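One-letter residues, chain by chain:
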Amino acid sequence: MTTQSEAARAADRAQALPLDARTRVVHAAAMRTPGPGPLSVPIYQTSGFAFDDADTIASAMSGPEGDFVYTRRGNPTVRALESAVADLEGGSAAIASSSGMGAISAVLLSLLRPGDHVLAQKCLYGGTFSTLSDLARRYGIETTYLEGDGPEEIAAARRPNSRLLLLETIANPTTRVCDLPALLAAGRAGGLLGVVDNSLASPVLCRPIEHGADIVVHSTTKYLAGHSDVIGGIAVFADPVLHRTVWARAVELGATPDPFAAWLTIRGLQTLAVRMRQHCENAALLAERLVAHPAVAAVHWPGLDGHPDRAAARRLLDGYGGMLSFDLVGGREAGRRFVGAVRLARLALSIGGVETLVTHPASTSHRELGDRQLKEAGIGAGTVRLAVGIEHGEDLWRDLDRALSALI
Ligand SMILES: *Cc1c(COP(=O)(O)O)cnc(C)c1O
């Protein structure tokens, strides 16, 4: 193959100057080869690779580091994405997937066996929660849910068969930020592997491996790709041995990304740092204005004083993220009306794209929950989630303000 080997990339990285994340997102995926070469990462839109003799194929099939053989096992465009995200997260290697759930499933199904036990933070992404419920029903893999408030909870909930601790850097839509170093250290002391879903922070705002995580997972659909035009996921590993174990199962599971999807993600990744800055700036402006609005009872954003995890957020995050939620004074009906009244912000379920999106969880993603169950999940009947985009903040505020004023 004409692409640079993993070993050569690693050597390059080791010699490179310590570059800022804003620089690394631009260059991390580049395939630097001797002589003139393309600036953009080429799309290797192929299912497989041809060889000269059988022995070379055999040696290429030895593991994730071998030459490319068949795209489900590895592909140069996909590998460029994997190397870039591993670099940004400070991991040793990564496995890209066709969706965030593909990455999460690959990690859970690779590392858990029937009878194992999982500790997980209570406010988890809905898809992850459903997967864990399914693992309990069908494979006897039980999960104990934690508030995520402190390490004592982990020691108390741990069992001899506990295997994995599952956390999220910024939870959705509650915006809780757990104390990753304390929780991951308590997990490690109890022999648990620490897995952190970093989708809402992105490596620009937080790198959980620096705080003791073994595996970081992402829905690259969100901030990493960033343009609401591709579904993808990735798992990044601190330890190459763990990477190899999960890689073998991930290849069998087959949740491999298409090379073009990987390419779109790389293209998005290059502007991640400037986008995150604008997402965070806009969120700060909107959070402050929402706090002062009479139609709003409470605003949840880790950058606000009074947020329950303000101290952890200050320590762990290089910016407080582009997702915020707020509770409307008028409750469920006000939430339903508000999301129908905004004009610039669009009513859609995703997050992390350049455009601002609103949702009303009580009438959409969480519609099956009654008021008490909603409260348990940390969501109010009048809670609105705002995935703040990168538009001009004042334009966004005018849109929200007009929709809010209609409620009073
Ligand atoms: C969206 C999301 C996922 C799932 O990702 P998909 O790409 O939709 O499969 C997982 N975790 C978090 C935190 C998410 O926001």
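Residues numbered from 1 in each chain as written. Predicted model: local features only at pLDDT ≥ 70, side-chain atom pairs only at ≥ 80, totals over all residues. Heavy atoms only, no water.

*Asks:* I'm lost on the packing of aromatic side chains in this one. Help?
*Replies:* Given two aromatic rings, one states the distance between the centres and the angle between the planes to describe the pair. Tallied over the full model, the rule gives five aromatic pairs. Ring centres of Phe49 and Phe68 lie 5.9 Å apart, and the angle between their planes is 40 degrees; this geometry places the pair in the tilted category. One end of the pair, Phe49, is in the loop between helix H2 (21-27) and helix H3 (54-60); the other, Phe68, is in the loop between H3 and helix H4 (76-89), and 19 residues separate them in sequence. This pair shows no difference in class: Phe49 is buried, exactly as Phe68 is. When the centroid spacing of 5.3 Å and the interplanar angle of 45 degrees are considered together, the rings of Phe129 and Tyr145 count as tilted. Highlighted residues: Phe129 in helix H6 (residues 126-139) and Tyr145 in strand E3 (residues 142-146), separated in sequence by 16 residues. Under the relative-accessibility criterion, Phe129 is labelled partly exposed at 39%. The residue whose ring lies beneath Arg310 is Tyr320, and the NZ or CZ to ring-centre distance is 4.9 Å. (Phe/Tyr/Trp six-rings, centres within 6.5 Å; stacked < 30°, edge-to-face > 60°. Helix = DSSP H or I, 4+ residues; strand = E, 2+ residues; numbered from the N terminus. Buried < 20%, exposed > 50% of the residue type's maximum accessible area, 1.4 Å probe, protein only. Lys NZ or Arg CZ within 6 Å of the ring centre and 35° of its normal.)

*Asks:* Can you help me understand the packing of helix H5 (residues 100-111) against H6 in this one?
*Replies:* Packed helix pairs are characterised by how far apart their axes lie and by the angle those axes make with each other. With their axes 10 Å apart at the nearest point, H5 and H6 run at an angle of 30 degrees to one another. Regarding the angle of H5 to H6, the classification is roughly parallel. Considering the relative orientation of H5 and H6, their crossing is right-handed. Of the residues in H6, those in contact with Met101, Ile104, Leu108 and Leu109 of H5 are Gly127, Thr128, Thr131, Leu132 and Leu135. (Axes fitted to C-alpha atoms, helices over the stretch in contact; angles between N-to-C directions. Parallel < 35°, antiparallel > 145°, perpendicular 65-115°, else oblique. Left-handed = near helix turned anticlockwise from the far one by under 90°. Contact = heavy atoms within 4.5 Å.)

*Asks:* Any chance you could explain the sheet that holds strand E12 (residues 383-387) here in plain terms?
*Replies:* Each strand in a sheet pairs with its neighbour through backbone hydrogen bonds, running either in the same direction (parallel) or in the opposite one (antiparallel). Within the open sheet, the five strands sit side by side as E8-E9-E12-E11-E10. Their pairing is mixed. Of all strands in the sheet, those with a lone pairing partner are strand E8 (296-300) and strand E10 (346-347), marking the two edges. In the sheet, E8 pairs with strand E9 (residues 323-328) via four bridges, with the strands oriented antiparallel. The partner of His300 across the bridge, within E9, is Ser325. (Pairing = 2+ DSSP bridges.)

*Asks:* So what exactly am I meant to see when it comes to the sheet that holds strand E6 (residues 215-219) here?
*Replies:* Within the open sheet, the seven strands sit side by side as E1-E7-E6-E5-E4-E2-E3. Their pairing is mixed. Bordering the open sheet on either side are strand E1 (93-97) and E3, each of which pairs with just one other strand. Averaged over all pairs of adjacent strands, the angle between strand axes in this sheet comes to 20 degrees, irrespective of strand direction. Two elements, strand E5 (residues 193-197) and E6, share three bridges in a ladder whose sense is parallel. The residue bridging Val196 from the neighbouring strand is Val216, located in E6. Across the sheet, H6 is in contact with strand E2 (117-121), E3 and strand E4 (162-168); its angle to E3 comes to roughly 140 degrees. The strands touched by helix H8 (residues 180-189) within the sheet are E4 and E5, with E4 carrying the most contacts at an inclination of about 170 degrees.

*Asks:* Teacher, can you tell me more about the domain arrangement of the protein here?
*Replies:* Accessible area lost on assembly of the parts is the figure often given for the size of an interface. Domain boundaries assigned for the protein yield domain 1 (4-269) and domain 2 (273-405). Residue-level contacts link 34 residues of domain 1 with 37 residues of domain 2. Both faces considered, domain 1 and domain 2 share a buried interface measuring about 2,600 Å² in area, 60% of it formed by carbon and sulfur atoms. Counting every contact that joins domain 1 to domain 2 gives three salt bridges. In this structure, Asp318 and Arg207 form a salt bridge, with 3.0 Å as the shortest nitrogen-oxygen distance. For the interface between domain 1 and domain 2, the tally reads 13 residue pairs in polar contact (both at pLDDT 80 or more). (Domains from an automatic or database assignment. Buried area = accessible area lost by both parts, 1.4 Å probe. Salt bridge = Lys/Arg side-chain N within 4 Å of Asp/Glu carboxyl O. Polar contact = N/O pair within 3.5 Å; in protein donor to acceptor, adjacent residues only side chain to side chain.)

*Asks:* Explanation requested: the pattern of salt bridges in the structure shown.
*Replies:* Opposite charge on two side chains lets them pair, provided their charged atoms get close. One pass over the full model with this rule turns up 22 salt bridges. The partner of Arg244 in a salt bridge is Glu65, with the nearest N and O atoms 2.8 Å apart. Placement of Arg244 in helix H10 (residues 240-253) and of Glu65 in the loop between H3 and H4 is noted, with a sequence separation of 179 residues between them. Of the residues examined, Glu65 reaches a relative accessible area of 52% and is grouped as exposed. For Arg289, the salt bridge goes to Glu394, with nearest N and O atoms at 2.9 Å. On the criterion of sequence distance, the pair formed by Arg289 in helix H12 (residues 272-291) and Glu394 in helix H16 (residues 393-405) is long-range, its members being 105 residues apart. Overall, Arg289 belongs to the partly exposed group, its relative accessible area being 28%. In this structure, a network of salt bridges that share partners links the residues Asp134, Arg137 and Arg138.

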